[in-house]
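# Inside the fold
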Amino acid sequence: MSERKTLIRKVIYIAIILVLLIPLSFLSSPAARQTDGTVTDGGILAAARKKHRLSQAELGDIDPSSATMRLATMGLGGVAVNLLWEKANEYKMKEDWINFGATLEQIVKLQPNFYKVWDFQAHNLSYNLSTEFDDYRDRYTYVIKGIHFLREGAEKNDREPRLLGRIGWYLGQKIGRSDEHELYRKLFKEDWNELFHQRVDRNRRPEERDNWLVAKDYFIQGDQLADRNDKIGIPLRTTPLIFFSERGKAQMNYAETLQLEGNFTDEVKRAWEIANSDWTEDFGNRQLQAPYGGSLRLNDQELFEQESKEKAAELEAISPGLREILLEEKYKKLTPAELSAAQKPADERTPAESELFSQIAPEATVSWNEVADRVPEKDRAKAKELANALDRAEDMIEGLILERGKVNFEYWRTRSEAEPEELTMQARRLVYEARELNKNGDPFAAIPLYEQAWEKWRQVIDKHPRMGDEISSQELVDEIDDYKRALAKWQKEFPKPFILQDIIEIAAGERAPDFTKKSSAPKNDPSPVESKSNGEDETKKGKQDNSEQDKSATEKGSSVESAKTNSTTKTDSTAKPDSIGTSTETDASRKSPPDAPPPAEADGQTGDGKKPAVD
Amino acid sequence: MILEFDILPYWQWLLWNSAKFALGAFVLTLLALVVNFLILAVRHGPLMAGDTIFRVLTGAVMDVIRLSPRRVYTLARLAVRESMRRRVWIVFVVFAMILFFAGWFLDPNSQNPVKLYLSFVMWATTCLVALLGLFLSTFSIPNDMKNKVIYTIVTKPVRSSEIVLGRMLGFTFVGTVLLMLMGFFSYLFVTRSLRHTHEMPVSNLQKPDANGVITGVTSLNQNHHHEVRIDGVQDAYTDFDQANGHRHSLIAKEVDGKTTYEIGPREDLEIARVPVLGELEFVNNQGDRGGRELGVSVGHEWRYRRFIEGNSPAAVIWTFDNVTPEQYSPDGLLIERTIRVFRTHKGKITEGISGNMFFRNPETQVRSTPLSFTAKENRVDSQWVDRRQFVNEGGKRREVDLYKDLVSPDGKLEVWIQCTSPGQYFGAARSDLYLRAGDNPFAWNLFKGYLGIWFLMVLVISFGVMFSTFLSGPVAFLATLGILVISLFANSFIIPLADAVWSGNTKNMPGGGPVESIMRWATDKGITAPVSNDLNWRTGKSADLVIMAGMTSVAHLLPDLRRYSNSSLVETGFDVPANLVWQQATTTLAFFIVTFIIGLLFLRTREVAR
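Fair warning: this is a prediction, and the values are worked out from it, not measured in the lab. (Residues numbered from 1 in each chain as written. Chains lettered and ligands numbered in written order. Predicted model: local features only at pLDDT ≥ 70, side-chain atom pairs only at ≥ 80, totals over all residues. Heavy atoms only, no water.)

Counting its secondary structure elements, chain B contains 14 helices and 20 strands. C-alpha extents for chain B along the principal axes are approximately 100 × 70 × 55 Å. In chain B, the proportion of contacts linking residues at least 24 apart, taken out of those at least 6 apart, comes to 70%. A gap of 10 Å separates the mean positions of the 60 positive and 53 negative side-chain charges of chain B. (Helix = DSSP H or I, 4+ residues; strand = E, 2+ residues; numbered from the N terminus. Contact = heavy atoms within 4.5 Å. Lys, Arg positive; Asp, Glu negative; His and termini not counted. Charge placed at Lys NZ, Arg CZ, Asp CG, Glu CD.)

As structure tokens, this is what we get:
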């Protein structure tokens, strides 16, 4: 081959390469994240990656050191990561915290978009490592380290709302609920060693530096990100019900914590009102994925119950008494044991009877469609339509009861309505003051305060029966036990009958809570109560400008709180915030649709004759 | 200070290890001779076999005796030029790039940035230098044989011993130069990166107290601040930040009639504490005194420390030798401790766990009045103990002299630690309390740290050259790498596993040896699941006995590479003891000589060398 031909061939090859570079650049030009956060499309492959949400730029900030490290492993990134995880475990075992932290940094550089890495190691830092230190300040430092670790993860994965949720959880639960919560809250508010606020948001005012409020901000950001993702088809990879409930819970925890710290000012009242709005308006009206497909809103249970009642009444009107006749026909075919089980209300059956009933349910109940099938020909179509609507409504009610139960929706709704009321605030303040006197060695002065408190609590529970459920009862019983001990110190008898005897029995499991309202609930505003506490306590707690919380919430992206006022917590237009409702008012009827007639008292009956389960 | 293995006095170490080493070398030599004789006997007959072995051995001895330093030097130079031709300086470029971009990975706001930075540079250096030694040494002679260049060498009047030694020394020289450069730039990198100061705004100072003492706190920088105490001295110091190991000078200045303060650069960062360790004993709740087994385990996975119960007779005792005013200070002793705490209940969260420390003369059993302290975890807690101490006698306090009354005539002193908080525990290991005998400069300590890396590099080169005399390049590479891996895991895994397999006590090492492990994996049995006693399992376990015996023999013969890592001492600001350096040097020299001899013998037996 002559040299000339070789040269010509080389020139041709180079020319072909150069020509091919043009389509190649169209094909594989990368997407790039601009300084303003937008992402350019890049070439065809990059656009395809973007369309199917596979590109790095779509996931979050691209860290050059991370990209470099992954390139440097030359395909052995998986091996490197395995070794690093082993190393991290070894450092943790040998209490070499410095090298442990450095190894975590290397791990997340190799796996920046793997959610579980951030979640697992942040938990390691905040929950496992922090407990290894004896000094509480060192423990706090590592709790905050874990939170910053999650923040770093959130920056690199800005389509991942779960990380924001975890940040909120750690800020709330780890700082606000741990054994050291009093100390941690104090360090957090002071921004000890400038570990948090100075690094995250220097503009946050001191009064906004409560861990629960900061947690709530992160929950709000998580909610908003989840909503944005939902619009573009990115699913939330966790239980939506729990995820979206955290915002309201954080607000309630904030209010509750203020009370536990002895704050009973308008700030607390406002905090509870906001909590009620967050819980009932935002969370209750949110479309959530139903467990068996479709979607639901927690607030809709009453609507469906109303619809169920109306449809049942319509069907009854078409053929009055038909249902009872069919039921009697079925009962005649049952054995005495079966009949006994069938005729008892669900909550009165023994376990054996419940099991028996579940086996014979089709033979012991009359479904709406069975009623419709026996309706005369001329009305049958309408009856069928009503029966189907009733079945759908009952399915929704059943699903909603289940979902509400998971987050204790009814309890927290009641609590957030009851807590801002003056009656409840007084009850709590009395208990707090009595507890403080007791703790400081003056049980004699505590006793009358306790007694006043029990009277107030009686009224509160009569007005809001759900405030006497199993959990709240246990909390009250702890206080009652302190009261008993105070009485014992002064050799006084515990009063019998005790005004809150039912609460004691509920806490002990000896009776079930009764959520029907009592007529003993006071109709008028309660009179001011004498308190043994120092009158300057209230002013010392500070009368914060309630609008500050609204303003800060609005600034942080929440558009809900500022629009909500006291009136939104009222569901019955005739009821005033601090007045006692009528004895016919029940929880089930609190939220009625705008055009619906005034709700009737729920009879609790469902299509199969069972009473709805208690939440 | 964490020391997972004891550093014996040099002569004690030498006695124990040279006996072990000599025995192992003797057995291996005998084995090699016997195996070679048998192979040669089969091929050429017993007489020829004996004659060949005799000639090889005597030839090798003559080779070594008639070794020419000049020719060794020439061959070493050749090895250096070959290395430069292979562009070994790229290793330094890679190192420089790593340092350049290290800022992306290293956080100066870490709680202990010195440890982080030093750990990083020493780890990077170790990896690069080990890889360099591995590649250089294992491919050199095999490449020469493949390229037939070896013929041009062996036709010259050079001996096999000179070829082997020349390569080893040449590559060692190249590695040494690169290591020196890396060490120098590492020192600059660490000191420059961690250089910082603080501000001392007047608003951070309190008003003078009744004694005219002003206290305050500096600004926050690199995730820490210092407390200051000004008692009217013109130049004072901030507190010594134990977590980060340094302090700053405080300089007062008059500006417009007002006194302001400036914080100077960091001092005392670059120090290396010289700890003197004592012998550790425990006293249990019943008052029995003994070794570690009398301490309590609180369930930690890492059993480095044992614990004592609070508010009980339990105690930890360190017995120090040669405690004299000349060794330490005529005014007293500086004791440093890091006591671990284990709480069985939260107690008062804002308060630490309290303990007592007292001194006891092991001969006269006179003990001082206790000095109370609060345990500080993850920090070095320094306590100055004055020479004037007190003892309680018959309800009366009497002053005693630490050195004269509490130290025995043969220089022994017992330091006792007890926990006084009921229901809580103190944990300690031998190196958790020591007497501070002074400080050495950081640069010198860093040098000793890098010396450990140098010894490791020489070992790698020695083994690499040895394997390259009879294996091809890639195989020699893998063989050397295998030796390194076995050495790393020998004492932490192979030897304990062999102990478990031979003794049958699998509590700490369940799962059995290699054959049993494979059988468990194939039959999907977990490592703690019981296995049947049938013929298959018994055969597998018997095979493991043989395999583990072989592996343990090799593991015992190989150097313990964990003892070559001085970085943990350097990182934490502790002096690398001379004992340890001498032990490393002796081990390295021993392996250098052994690998040289083996390499020489193998090269002599190859055709090209005849």
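What follows concerns the overall build of chain A. Regarding its fold elements, chain A presents 27 helices and 2 strands. Put simply, chain A has 615 residues, and 48% of those count as buried. Put simply, 69% of the contacts in chain A that link residues at least 6 apart link residues at least 24 apart. When the accessible surface of chain A is totalled, it reaches about 31100 Å², and 54% of it is carbon and sulfur. (Buried < 20%, exposed > 50% of the residue type's maximum accessible area, 1.4 Å probe, protein only. Areas by Shrake-Rupley, 256 points an atom, 1.4 Å probe, with all protein chains shown as cover.)

A word on the nonpolar core. With 84 residues, the main nonpolar core has B:Val121, B:Phe189 and B:Phe463 as its most contacted residues. For this core, the element with the highest residue contribution is helix α5 (residues 113-146) of chain B, accounting for 16 residues. Among all residues touching B:Phe463, those that are not within four sequence positions of it are B:Thr480, B:Ile483, B:Leu558, B:Phe591 and B:Thr595. One finds A:Met69, A:Leu104, A:Leu150 and A:Tyr184 within the second-largest nonpolar core, a separate group that totals 47 residues. (Core = buried A, V, L, I, M, F, W, Y, C linked by side-chain atoms within 4.5 Å.)

Residues and elements named next belong to chain A. One way to put it is that helix α6 (residues 97-110) packs onto helix α8 (residues 136-156) with a least axis distance of 12 Å and a crossing angle of 10 degrees. One finds that α6 runs roughly parallel with respect to α8. Contact residues: α6 offers Trp97, Leu104, Glu105 and Val108, while α8 offers Tyr142, Phe149 and Glu152. Residue composition of the contact of α6 with α8, grouped by class: 5 nonpolar, no polar and 2 charged. (Axes fitted to C-alpha atoms, helices over the stretch in contact; angles between N-to-C directions. Parallel < 35°, antiparallel > 145°, perpendicular 65-115°, else oblique. Nonpolar A, V, L, I, M, F, W, Y, C, P; charged D, E, K, R; others polar.)

Let us now look at the sheet that holds strand β11 (residues 332-337) of chain B. All names here are of chain B. Spatially, 4 strands are ordered β6-β20-β11-β15 in an open sheet, and the strand pairing comes out antiparallel. The sheet is open, and its two edges are formed by β6 (271-277) and β15 (381-386), each paired on a single side. Strand-to-strand twist in this sheet, taken as the mean axis angle between neighbours without regard to direction, amounts to 45 degrees. Where β11 lies against strand β20 (residues 433-441), 3 bridges are found, and the strand directions are antiparallel. Bridge pairing in β20 links Arg337 to Leu433. (Pairing = 2+ DSSP bridges.)

This part covers the side chain of B:Glu162. Residues and elements named next belong to chain B. As for its position among the elements, Glu162 is in helix α7 (residues 160-193). Exposure remark for Glu162: the relative accessible area of 0% places this residue in the buried category. In contact with Glu162, not counting residues within four places along its chain, are Arg66, Leu67, Ser68, Arg71, Val72, Leu75 and Pro157.

Listed by partner, the interface residues are 28 residues for chain A and 28 residues for chain B. Together chain A and chain B conceal approximately 2400 Å² of surface at their shared face, both sides included; 51% is due to carbon and sulfur atoms. Counting the contacts that link chain A with chain B gives 7 salt bridges. Where chain A packs against chain B, one counts 8 residue pairs in polar contact (both at pLDDT 80 or more). Here the side of chain A that touches chain B gets 6 residues from one element, more than from any other, and that element is α8(A). (Buried area = accessible area lost by both parts, 1.4 Å probe. Salt bridge = Lys/Arg side-chain N within 4 Å of Asp/Glu carboxyl O. Polar contact = N/O pair within 3.5 Å; in protein donor to acceptor, adjacent residues only side chain to side chain.)

What the rule picks out here adds up to 79 salt bridges over all chains. Taking the shortest distance from any N to any O, the salt bridge between A:Asp210 and A:Arg185 comes out at 2.9 Å. With a gap of 25 residues between them, A:Asp210 in the loop between α11 (197-200) and α12 (211-231) and A:Arg185 in helix α10 (residues 181-190) connect regions that are remote in the sequence. Taken individually, A:Asp210 and A:Arg185 each receive the classification buried, so the pair is uniform in this respect. The shortest N-O distance in the salt bridge between A:Asp278 and A:Lys216 comes to 2.7 Å. You can see A:Asp278 sitting in helix α14 (residues 266-283) and its partner A:Lys216 sitting in helix α12, a full 62 residues away along the chain. Classification of A:Asp278 by relative accessible area gives buried; the value is 2%. Bridged by salt links that share partners, the residues A:Glu95, A:Glu132, B:Arg305, B:Arg340, B:Glu377 and B:Asp432 form one connected network.

So, about the sheet that holds strand β9 (residues 306-309) of chain B. Either a parallel or an antiparallel arrangement is found when strands of a sheet pair, and the pairing is made through backbone hydrogen bonds. Residues and elements named next belong to chain B. Reading across the sheet, the 3 strands line up as β9-β19-β12 and stay open at both edges, with antiparallel pairing between neighbours. Strands with a single pairing partner mark the edges of an open sheet, and in this sheet they are β9 and β12 (340-343). Across the sheet, the axes of successive neighbouring strands diverge by a mean angle of 30 degrees, strand direction being ignored. Relative to strand β19 (residues 424-428), β12 is paired through 4 bridges, and the arrangement is antiparallel. Bridge pairing links Arg340 to Gly427 in β19.

Residue and element names in this part refer to chain A. Summarising the element assignment, Thr424 is placed in helix α22 (residues 422-439). Thr424 gets classed as buried once you look at its relative accessible area, which sits at 0%. Sequence separation between Thr424 and Asp478 is 54 residues, and the spatial gap between their C-alpha atoms is 18 Å. Not counting residues within four places of it along the chain, the set of residues in contact with Thr424 comprises Ala418, Glu419, Val460 and Met467.

Moving on: unusual backbone geometry. Residues and elements named next belong to chain A. Put simply, Lys496 and Pro497 share a cis peptide bond, and its omega is 0 degrees. Mapped onto the elements, Pro497 comes out in the loop between α24 (470-489) and α25 (501-507). With phi around 50 degrees, Glu194 is a residue other than glycine that occupies positive phi space. Take Glu194: it is sitting in the loop between α10 and α11. Positioned with a positive phi, Gln491 is a non-glycine residue whose angle comes to about 55 degrees. Along the polypeptide, Gln491 turns up in the loop between α24 and α25.

What follows deals with helix α9 (residues 161-177) of chain A. Since the α-helix turns once every 3.6 residues, residues separated by three or four places project in the same direction. With 17 residues, α9(A) should cover 24 Å at 1.5 Å per step; its first-to-last C-alpha distance of 23 Å lies within 8% of that length. Of all 17 residues that make up α9(A), 13 are buried, and the element is covered over most of its length. (Expected span 1.5 Å × (residues − 1).)

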